[in-house]
Amino acid sequence: MPSPSSGSSASSSVWRDADFRRLWAGQTASQLGEHMTLIVLPLFAVLALDAGAGQLGALRAVGQAPVLLFSLLAGAWVDRWRARTVMVLTDAARAVALGSAAVAGLFGLLGLPALFVAAFTVGALSVLFDVAYQASLVRLVRRDQLLRGNSALEGSRSAAQIGGPALGGALVSLLSAPVAVASGALFFAVSFASLRRIRRAEAVAEHPERAPRVRHQIRDGLRFVAGHPLLRAVCLASAAFQFSFAATMTVYLLFLPRELHLAGATVGLALAATGPGALLGSVLAARLPGRYGHGVVLVSAAVLGNGALLWVPALHGSSAVTVATLLAVNLVFGAFGQLVNVTVMSVRQAVTPDGMQGRAAATITFAGMGSAPLGSVLGGFLAQEWGLRTSLLVTAAGMMLSPAVMAASPLVRLGRRLPP
C-alpha cells in the first residue's frame, strides 16, 4: 500500500499528504450536501406541504430505503473499482438530481411526489459514495494511521453536521425550498471538483481474468462479516441503534415544531448542535481508545450519548431554557456518538483484508442502516397512535439496546491497541 509522506507523527504525515487533504475536503463538502438534504426535504414537507406523521415517516423511509436495497451491491462494486471513480461519479449525479429538483421547485412542481423521487435518488447515490469513501482511506494511508485518519475524516462530517442542518433550516424558513435544494447541489459539485484532483493510484486488490460474479462477491462479504465475532457484534449493535434512531428522529422532527412550537430555523440550530459535539468526539477518538481501551470507550460512549436523548420528552414550551437544553442534549449526543463511530470504523478497517474493505463496510451498513426505513415507519405510526411525547420517550429508550449489545459481545474486551 502506498505510504503518505513521512512526518514526526502519524497525525502530521496524514495531514501533510496532498491527496488525503483532497479526500478530506471532498468528503466534507459531500457530507454537507447530504446533511442539508436530510433536513431540507423533511422540513419542507412539514412546514410548506403540511405533511402528516405518516407522510413524514414514509418520506424518511424512502430516503433510507436505498441502504437496504443497494448497500451489498455497492460493496461488491467498490471492491472492483477505484474508490475515487465511484465518489466522483456519484457526486456529479447527486448534483444533477438536486439541481433538477430545484428547477422543479421554481416552477411550483416540488410537491410530495417530487420530494419522494429526490430523496430516493440522493439516498441511492449516497450509499455508493459512503461505501467508497470508507474504503478509500485504507487505500491511501498506512494501517497505523487509520485511527487518526478516521478522526480527521469524521471531523469533516462534524463540520457538515454543524453547517448542514442550520443552513438548511434557515434557507427553508427564510428563502425557499428550491434555494435550499440548489445549495445542496452546489456542495456536491464542490466535492466533485476536489475529489477529481486526487492523483495517487489506489492499491486495489487484483482480480483474476474471470472475475467472480457479483452475487458471489456479496455472499463472500456476508460470510466474512457473519463469521468474524467483532464484525458480527458491530452489525448487531449498529442495527439496534439505527432502527431506534430512525424511529426517534421521525418523532423528533415532529415534536420540535408541533409540540414545542419551534420555528424551522430554531429546529435547524438545535440539530446543528450535534456538529460541535461530533467535532469534539472526533478529537477524543484519536486519544481515548489508546488510553482506556477500545471496548471501554465504545460501551461507555454509547450509554452516555444515547441516554442524553431521554431528556428531550421532558421538555415543554419554546422558552430559552428549552432551546438551551436541546442544544446541550444534541451536543452530548454528537460528541459520544462520534466517538463510537470513529472507534468502530477503525476496528472494522483494522480487522478486514484490503480486498474485502468495500464489502465489509457495505455489509455492516446494510445490517445497520438497512433497518432505518422500518424504524422511520414505526416512528410515524407510534406518533399517530400514542402521541408525540410518549412515542419520543419509547423510541429514545430503544436506543439503549445498542450499548447493551456491545456490552454482551467481544467488543467490550478490546484493549488499547487495534486488533491485528
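On a predicted model such as this, the values are computed, not experimentally measured, just so you know.

Looking at the overall build of the chain
Across its full length, the chain carries 18 helices and zero strands. Within the chain, the proportion of its 420 residues that are buried is 57%. For the chain, the computed accessible surface area is about 16500 Å², with 66% contributed by carbon and sulfur atoms.

Focus: the environment of tryptophan 81
Along the chain, the position of tryptophan 81 falls in the loop between helix H3 (53–80) and helix H4 (83–106). Judged by relative accessible area, tryptophan 81 falls into the partly exposed class, the value being 41%.

Let's talk about the confidence of the model for the chain
Put simply, the chain has an average pLDDT of 79, and 85% of its residues get 70 or more. Element-level pLDDT for the chain is lowest in helix H1 (residues 10–15), with a mean of 53, against a maximum mean of 92 in helix H18 (residues 401–407).

Some thoughts on unusual backbone geometry
Located in the positive-phi region is histidine 261, a residue other than glycine, with phi close to 60°. Mapped onto the fold, histidine 261 is located in the loop between helix H9 (229–259) and helix H10 (264–272). Of the residues examined, histidine 261 reaches a relative accessible area of 58% and is grouped as exposed.

A closer look at the packing of H9 against helix H14 (residues 320–351)
Two numbers describe how H9 lies on H14: the axes approach to 12 Å, and their chain directions differ by 155°. Comparing the axis directions of H9 and H14 gives the class roughly antiparallel. When you trace H9 past H14, the crossing you get is left-handed. For the pair H9 and H14, the contacting residues are Leu230, Leu231, Val234, Phe241, Phe245, Tyr252 and Leu256 in the first and Leu326, Asn330, Phe333, Val344, Arg348 and Val351 in the second.

Section: helix H17 (residues 388–398)
Inspection of H17 places Leu388, Ser391, Leu392, Thr395, Ala396 and Gly398 among the buried residues, and these make up the whole buried set. In a view along the axis of H17, the buried residues occupy a sector of 150°, so they form one face of it. Each element contacted by the buried residues of H17 is listed here: H9, helix H16 (372–386) and H18.

Examining the environment of valine 312
Looking at where valine 312 falls in the secondary structure, it is placed in the loop between helix H13 (294–308) and H14. By relative accessible area, valine 312 is classed as buried at 0%. In this structure, the C-alpha to C-alpha distance between valine 312 and leucine 326, residues 14 residues apart in sequence, is 7.0 Å. Leaving out residues up to four positions away in the same chain, valine 312 has contacts with Tyr252, Phe255, Leu326, Val329 and Leu392.

Re the pattern of salt bridges
Using the criterion set out here, one finds four salt bridges in the structure. For the salt bridge of aspartate 220 with arginine 219, the shortest nitrogen-to-oxygen distance reads 3.7 Å. On the basis of relative accessibility, which here comes to 36%, the residue arginine 219 falls in the partly exposed class. One connected set of salt bridges, linked through shared partners, spans Glu34, Asp91 and Arg94.

Observations concerning the packing of aromatic side chains
Tallied over the full model, the rule gives four aromatic pairs. A connected cluster of aromatic rings, assembled from ring pairs, spans Phe241, Phe245 and Phe333.

Some points on the environment of alanine 362
As for its placement among the helices and strands, alanine 362 is situated in helix H15 (residues 357–369). The sequence separation of alanine 362 and isoleucine 218 amounts to 144 residues, and the corresponding C-alpha distance is 9.3 Å. When residues no more than four places from it in sequence are discounted, the contact partners of alanine 362 are Ser71, Leu72, Gly75 and Val131.

A closer look at a nonpolar patch on the surface
The grouping of Val103, Leu106, Phe107 and Leu109 at the surface amounts to a nonpolar patch, some 480 Å² of accessible area in total. Residue position: valine 103 is located in helix H4.

Let's talk about the nonpolar core
Counting residues in hydrophobic clusters, the biggest one holds 52 residues, and the most contacted among them are Val181, Tyr252, Leu256, Val312 and Leu326. Ranked by residues supplied to this core, first place goes to H9 with eight residues. In contact with valine 181, not counting residues within four places along its chain, are Val40, Leu41, Leu98, Ala101, Ala102 and Leu110. Counting 24 residues, the second largest nonpolar core, distinct from the first, contains Ala237, Ala302, Val342 and Leu414.

Quick word on the packing of H3 against helix H8 (residues 214–227)
Two elements in contact, H3 and H8, have axes separated by 9 Å at closest approach and are oriented at 105°. Taken together, the axes of H3 and H8 lie roughly perpendicular to each other. On H8, the residues that touch Leu72, Leu73, Ala76, Trp77 and Arg80 of H3 are Val214, Gln217, Ile218 and Leu222. Residue composition of the contact of H3 with H8, grouped by class: seven nonpolar, one polar and one charged.

Conventions used here
Residues numbered from 1 in each chain as written. Predicted model: local features only at pLDDT ≥ 70, side-chain atom pairs only at ≥ 80, totals over all residues. Heavy atoms only, no water. Helix = DSSP H or I, 4+ residues; strand = E, 2+ residues; numbered from the N terminus. Buried < 20%, exposed > 50% of the residue type's maximum accessible area, 1.4 Å probe, protein only. Areas by Shrake-Rupley, 256 points an atom, 1.4 Å probe, with all protein chains shown as cover. pLDDT = per-residue confidence, 0-100. Axes fitted to C-alpha atoms, helices over the stretch in contact; angles between N-to-C directions. Parallel < 35°, antiparallel > 145°, perpendicular 65-115°, else oblique. Left-handed = near helix turned anticlockwise from the far one by under 90°. Contact = heavy atoms within 4.5 Å. Arc of directions from axis to C-beta. Salt bridge = Lys/Arg side-chain N within 4 Å of Asp/Glu carboxyl O. Phe/Tyr/Trp six-rings, centres within 6.5 Å; stacked < 30°, edge-to-face > 60°. Patch = residues over 30% accessible without salt bridge, like charges linked within 9 Å, V, L, I, M, F, W, Y side chains within 5 Å. Core = buried A, V, L, I, M, F, W, Y, C linked by side-chain atoms within 4.5 Å. Nonpolar A, V, L, I, M, F, W, Y, C, P; charged D, E, K, R; others polar.

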